[in-house]
Amino acid sequence: MDSKTPLENLYNIEPALSSSSRRNNLSANSKSLGGNSIREVNFSDLGPKPVKYGSRGAESEIYSMSQREINDEDARLIQINDPVKTNERFEFAGNSIRTAKYSILTFVPRNLFEQFHRVAYIYFLVIAVLNQLPQLAVFGRFASILPLAFVLLVTAVKDAYEDYRRHRADKIENNRLASVLVNHEFQQKKWKDIQVGEIIKIHANETIPCDMVLLSTCDPTGVAYVQTINLDGESNLKTRYAKQETLLKIPEKESVSGLIKCEKPNRNIYGFQANMEVDGKRVSLGPSNIILRGCELKNTTWAVGVVVYAGRETKAMLNNSGAPSKRSRLETHMNLEIIFLSVFLTALCTVVSVCAAVWLRRHRDELDYLPFYRRKDFSEEEEENYNYYGWGLEIVFTFLMSVIVFQIMIPISLYISMELVRVGQAYFMIRDTQMYDEPSNSRFQCRALNINEDLGQIKYIFSDKTGTLTENKMEFQCASIGGVDYNGGKVSSQDQKDGYFVQVDGKVLRPKMVVKTDPELLQFARSGKETKEGSHIHDFFLALAACNTIVPLIVDTPDPTLKLIDYQGESPDEQALVYAAAAYGFMLIERTSGHIVIDIQGERQRFNVLGLHEFDSDRKRMSVILGLPNKSVKVFVKGADTTMFSVIDRSLNTSIIRATEAHLHSYSSIGLRTLVIGMRELSTSEFEEWHSAFEVASTALMGRARLLRKVANSIERNICILGASGIEDKLQQGVPEAIESLRTAGIKVWVLTGDKQETAISIGYSSKLLTNKMTQIIVNNNSKESCRKSLEDAIIMSKKLTTMSGTTNDTGRTLGASLTPVALIIDGTSLVYILDCELEEMLFELACNCSVVLCCRVAPLQKAGIVALVKKRTSDMTLAIGDGANDVSMIQMADVGVGISGQEGRQAVMASDFAMGQFRFLVTLLLVHGHWNYQRMGYMILYNFYRNAVFVLVLFWYVLFTCFTLSTAINEWSSVLYSVIYTSVPTIVVGILDKDLNRQTLLKYPRLYGAGHREECYNKRLFWITMIDTVWQSAVVFFIPLLAYWGSTIDASSIGDLWTLAVVILVNLHLAMDVNRWNWLTHATIWGSIIATFICVIIIDAIPSLVGYWAIFEIAQTGLFWLCLLAIIITALIPRFVVKVLYQFYTPCDVQIAREAEKFQARSESGAVEVEMNLILDHPRQ
Amino acid sequence: MSSNTPSSSAGGVGSADSAAPRRNSKRPKYSKFTQQELPACKPILTPRWVISAFMLVSIVFIPIGVVSLFASRDVVEIVDRYETACVPENFRNDKVSFIQSPSTNKSCTRRLTVPKRMKQPIYVYYQLDNFYQNHRRYVKSRSDSQLKDNSSWDDISSCKPEDDANGLPIVPCGLIAWSLFNDTYNFSLNNQQLVVNKRGISWKSDRDSKFGSDVFPRNFQNGSLIGGKSLDPTVRLSEQEDLIVWMRTAALPTFRKLYGKIERDLQPNEVIHVTLENNYNTYSFNGKKRLVLSTTSWLGGKNDFLGIAYLTVGGLCFFLALSFTVVYLVKPRRLGDPSYLSWNRNPGGH
């Protein structure tokens, strides 16, 4: 290849350029808008898809506010190759990392400290501490601490194990070797010893040990490729550049010195801002000049860089944080009920203390001598009160003691069980083979572990379009060039099956992806640029091949004579365009910082890249200034039609413009993404003028981004139109069906896209979001007043349409059933005027009447704004699903954020609560897992309330028969073990494994999802019914033995054992009665718990030092004991059973009917459903 | 996009998985467990099932109720409340001083008539009312280690306020032991002494393991306030059965304690003369004292409650079974009929 002396060539052409680092800026990737300016962590605009944004100026100005220059005080100074001096003034972190949280010494205090951040544990602790006071000691010292100690210990062991693994990983990581420059030669040094300021040499395929500024690479132009899969999950190669000024220095031979002034460590992996002073020159550095820890060097033999951030200050380490935590709706509701339970607890304690007060007052004269009270201690010289602190204090103590005794009224264990259950549910969601995406080899991911049950109550879905509904695999479909529409691409003849190729040095070079071509256009493209059409086509494809930031990579194949060109780049649109250009004979072969090589119809041509204005969401276009081989200079512009037509010279080629506009309209109406391409030849004076302005702008220290945008705007004008391209964005598999299901389930699907209205509507139709039956209301306005008016009209119209078609209630029961559903289509411009002002209310009202809402041309922040609009005004759950960086704000705003782990990088996944490979998995996730999780969790919470309250109430009843002195017949160990061993496991297992309905049924009747919307499994009514049932059951448990043993010789321990066993069996049978599916695990845990309880009671009663020694053996010999047990269990459960039967039989809920149908109609209707889904393996029997 | 991630699921064992797992694939391994398809039984409350359940309960409960009721009726019980009757008329207004005075004559004679034939063994109980043996202060005031083992005779930390007297530890210490019941009964039938067997009235397990055979009472009832019975310091604790019975504290404020057994049958209308020593002070808290002679059945003492409870529940279930049958016949619903689904019931749904 002739890339041997690119620099010299460049210098020859434009010697003036050598004084600056401009060329490096030119080729900086399109992601860092505005050149090297740094941006605060603001994911919303970092997206790699140029054409997708629909943000308006207003937002962009806000964005640019966040751009800032480095001030001296928050700068970090690095002396290149002088770590001693670098580190003497500032304490920079070394490169050893510690992801481990604890050391052996700090483990106990730190781990305890962290564990006690939970309110639950503090409650435990306070109770345990109270119990240590001698006046309040209800339980033995050990018994009271045991549950807390147990939980703490289990968590600590888990943490310790995890930390041990981290320690090991850290050790391995810290002891890896890297070549560090010491005394003019590279020596192997451990990673942990690397210091800021040192120069390091990285070889191909090595992992980069810390964040470094590139100084030089094996490539003469200073290019290095890195793979950032460990950092952001993107598998394509990224190009990074060394600066011109340092490129030729060889550290072994000459001493390199200089000063880098860079920003403080931050977690933005797409931003970096620094200045470098080397050889007296000042050079600015941007994100394209830095390689980050964790990346791997690829396709580059070596690269040398200077360490700027090390160890914990590297961007990779700073980004090591978990997903943001959200709290589930059910849990919020539950907390309300817990407050009620605390009130109830307080009431119980008050009752006890008031009764105690009355009792003490009535017997105040007898207390001294009462044989069972004996206030006076006569054994001492002076008679004194023993353990009596006066009437008032005794009441206070009684109150506190009753809090201790009744503590489990507040189901603290519930929080722990819920966490376990969620882990279990997540395990099954991750393992679900139907949510595994074959093409991307990705499983479902559960990133947030505390909102599983929210999936069962989603009412609104906000979906991104590109990459979420569609595959984001762009395919060039058709082009309009010079006013002529070429869209015959579908007829690809056999002979061009392998597409276009070129031969280099006897080797065949071929694009990796084959694009279908239009034969007519192919013919024209080959015919050269002699004809007018030919030259148009030539310029068009030249623009496609040149005006981008794609890096071609040559990939070897097993066939030595065949090499493939892989076009790597961040924008799939650009990739599609470059592949298309290659297919038509304009093959991009090489791109370096200063030039590109394009093989045009077999003839290799070299173009100097004189300048490049990157895409930004404000201009919505990018341009490149090329020095052509014939010494002419041209600017090629490519961008969205809205902004392109404003810079196109309308006086030229009016007919072409008109024809192109028509074509654009037809392209977008069939769902294609369109781009307009234009070109202008620059005169020398124009070029000079632009060049000096560009020079100033790109080296400016203040407001660089703004200056560069200004320069770009000055050159991007009077453009002569070349044509337009149409790129197809294919719908993902199963999207229409998924949307159909979700909407039947009563979920409103809103699509928020940056695409054009026509494109959005056409995708709407193809995804069955819009149907022909629907009436569309379109809101496109340019001012607040017109927005207001059209919203008013729209509301009236939508009301007319929906009321005509019958009643619509809020529960979504008849949603989608109205005769003329309304679809609202609104664009970003209108939203600017609507959001954040009083019009929001109207929009919300309107949107509620509509079954579909389509927002097009919306900016990332607007997406979040729309989600917030709904979230603020309803209590309904919202879910946002998206794949790109521009969806991050929306994903974080919604109650549930789902990321698509697809083509577009990982930011969406990183911000999400759940991640999956395909949009259609949403159906399984919500309708199946969401429904299950909601049902399980709702039942579990109610059950846990009941379970603890029943026990507390039994204790409470007994207190009424002990002079209100909080003595318990139930052994203290049994009280402690009650929620730890006796009853904990079954509810967890049922919470993980129980299924009210089959997957097949849930998918067949999506409307069963409405159970979650109607809060059927957990609501106030159920809570109160459960509580009434609880009082009844506890009364039965307590009073049957009481009456049966009244006036008998029964001792406290024996009757206590009876109560213990009765409660445990009752509580477990209560659960058993509500289990929907009995598999062996359910059987094992429920019956196992009962058996375990018997064993525990026997063990406790076999300890001679306890009061209850041998009680269970004595009482179990009597028939009365067993008869009491039987009577308690049956009597306690009868009311619940009767209510349940009546309810299920005469006002059956949908779930109940479906469950019956599942059981009784499975045989008759086998077939259709089962073939489609997995085999039904469990044959219902009875 | 074949990544080189470690294969976590290569060679899945899942039998029914048709798609052969690809190498390096992250496809979750198929198993009935992970897909939540374990074979399971799905119980549904069908009318037949519900009615049979109710019938079953009533079939089981009603006979049990009848049998229990009969068992309870078979028990012959003689109850004699004596706490007022055994105080001389002149002390009736100040019973406490009567009982506390060491000089008053506490003897008292009662006549009990046997209503029905009583088969041996006839258990003699004393019953106390309004005596809270389950009071927290009371229950805690004992030392199990001291009772068990002579070597820890001075382990009296938990015994307050009856831990030591005259500077020496009390064995057995604590309120429970201190308040040991000390009324005594002597029975005679036709002027002939009725032997009351006081052996074996406590739990064997208590005698063997809770009360040591090498522990003897020391310094007991030597304090300024005498609570109850004194113990013979020459008899080992494991043989002090009254104490053992008393120390097994009652669950409820009205309780009986076994006093002894009469091991002969009593015929109807026989009159038993009881000479009792009314020593125990229940007057300070208005406690009642009763002497009870009772036979037992397999169900224990005389208590109709359980029988009535069983009959009630059984009857209720029978009634429920009947009414469900009627209701089901009047207004049946076909189970699993999709036309009952809410969206099919509501007009306006498509």
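Use the structure listed above.
Structure report, in brief. Worth saying up front: this structure is predicted, and the values here are computed from it rather than measured.

### Comments concerning the overall build of chain A
Of the regular secondary structure elements, chain A holds 40 helices and 37 strands. Taking the intrachain contacts of chain A between residues at least 6 apart in sequence as the baseline, contacts between residues at least 24 apart amount to 75%. Only carbon and sulfur atoms are counted for the fraction: they give 58% of the accessible area of chain A, which is about 43,800 Å².

### Observations regarding the interface of chain B and chain A
Interfaces are often sized by the accessible area lost when the parts come together. On the chain A side, the residues contacting the 104 residues of chain B number 117 residues. Three residues stand out in chain B for area buried against chain A, namely Gln36(B), Lys42(B) and Arg137(B), and they jointly supply 9% of the buried area on that side. Inspection of the region where chain B meets chain A yields five salt bridges. With a closest N to O distance of 2.8 Å, Arg27(B) and Glu438(A) form a salt bridge. Among the secondary structure elements, those contributing two or more residues to the side of chain B that touches chain A are helix 1 (47-74), helix 3 (136-140), helix 5 (175-178), helix 6 (204-210), strand 9 (255-262), helix 8 (305-330) and helix 9 (342-345) of chain B. Tallying contributions element by element places helix 8 of chain B first for the side of chain B that touches chain A, with ten residues. Looking at the side of chain B that touches chain A residue by residue, the classes come out as 51 nonpolar, 27 polar and 26 charged.

### Description of the sheet that holds strand 6 (residues 184-189) of chain B
All names here are of chain B. As summarised here, the arrangement of the four strands in space is 2-10-6-7, forming an open sheet in which the pairing is antiparallel. Every interior strand has two partners, whereas the edge strands, strand 2 (107-113) and strand 7 (192-194), have only one. On average, each strand axis in the sheet is tilted by 30° relative to the strand beside it, whichever way the strands run. Across six bridges, the pairing between strand 6 and strand 10 (residues 271-277) is antiparallel. Its bridge partner being in strand 10, Asn186 is matched across the sheet by Thr275.

### Things to note about the state of the cysteines
Residue and element names in this part refer to chain B. All chains considered together, the criterion is met by two disulfides over all chains. Disulfide partner of Cys86: Cys108, at an S-S distance of 2.0 Å. Negative torsions about the S-S bond denote left-handed disulfides, and the value of about -65° found for Cys86 with Cys108 makes this one left-handed. Taken together, the positions of Cys86 in the loop between strand 1 (77-81) and helix 2 (95-100) and Cys108 in strand 2 put the pair 22 residues apart, joining distant regions of the chain. Grouping residues by exposure puts Cys86 and Cys108 together as buried. Here Cys159 connects covalently by a disulfide to Cys173, the sulfurs 1.8 Å from one another. Highlighted residues: Cys159 in the loop between helix 4 (144-148) and strand 4 (164-165) and Cys173 in the loop between strand 5 (168-169) and helix 5, separated in sequence by 14 residues. Residue Cys159 is classed as buried on the basis of its relative accessible area, which comes to 0%. Accessibility expressed as a relative area gives 2% for Cys173, which makes it buried.

### What to know about the packing of aromatic side chains
Per the counting criterion, the structure on display carries 69 aromatic pairs over all chains. Relative to Tyr584(A), the ring of Phe476(A) lies with its centre 6.4 Å away and its plane at 75°, an arrangement referred to as edge-to-face. Of this pair, Phe476(A) sits in strand 18 (residues 470-481) while Tyr584(A) sits in the loop between helix 16 (572-583) and strand 24 (586-591), placing them 108 residues apart in sequence. For Phe476(A), a relative accessible area of 4% gives the class buried. Considering the side-chain rings of Phe131(B) and Tyr138(B), the 5.8 Å spacing of their centres and the 80° angle between planes classify their relative orientation as edge-to-face. Here Phe131(B) and Tyr138(B) have matching classes, each one buried. The ring of Phe92(A) has Arg76(A) lying over it, and the distance from NZ or CZ to the ring centre is 4.0 Å.

Basis of the calculations
Residues numbered from 1 in each chain as written. Chains lettered and ligands numbered in written order. Predicted model: local features only at pLDDT ≥ 70, side-chain atom pairs only at ≥ 80, totals over all residues. Heavy atoms only, no water. Helix = DSSP H or I, 4+ residues; strand = E, 2+ residues; numbered from the N terminus. Contact = heavy atoms within 4.5 Å. Areas by Shrake-Rupley, 256 points an atom, 1.4 Å probe, with all protein chains shown as cover. Buried area = accessible area lost by both parts, 1.4 Å probe. Salt bridge = Lys/Arg side-chain N within 4 Å of Asp/Glu carboxyl O. Nonpolar A, V, L, I, M, F, W, Y, C, P; charged D, E, K, R; others polar. Pairing = 2+ DSSP bridges. Axes fitted to C-alpha atoms, helices over the stretch in contact; angles between N-to-C directions. Disulfide = S-S within 2.5 Å. Buried < 20%, exposed > 50% of the residue type's maximum accessible area, 1.4 Å probe, protein only. Phe/Tyr/Trp six-rings, centres within 6.5 Å; stacked < 30°, edge-to-face > 60°. Lys NZ or Arg CZ within 6 Å of the ring centre and 35° of its normal.

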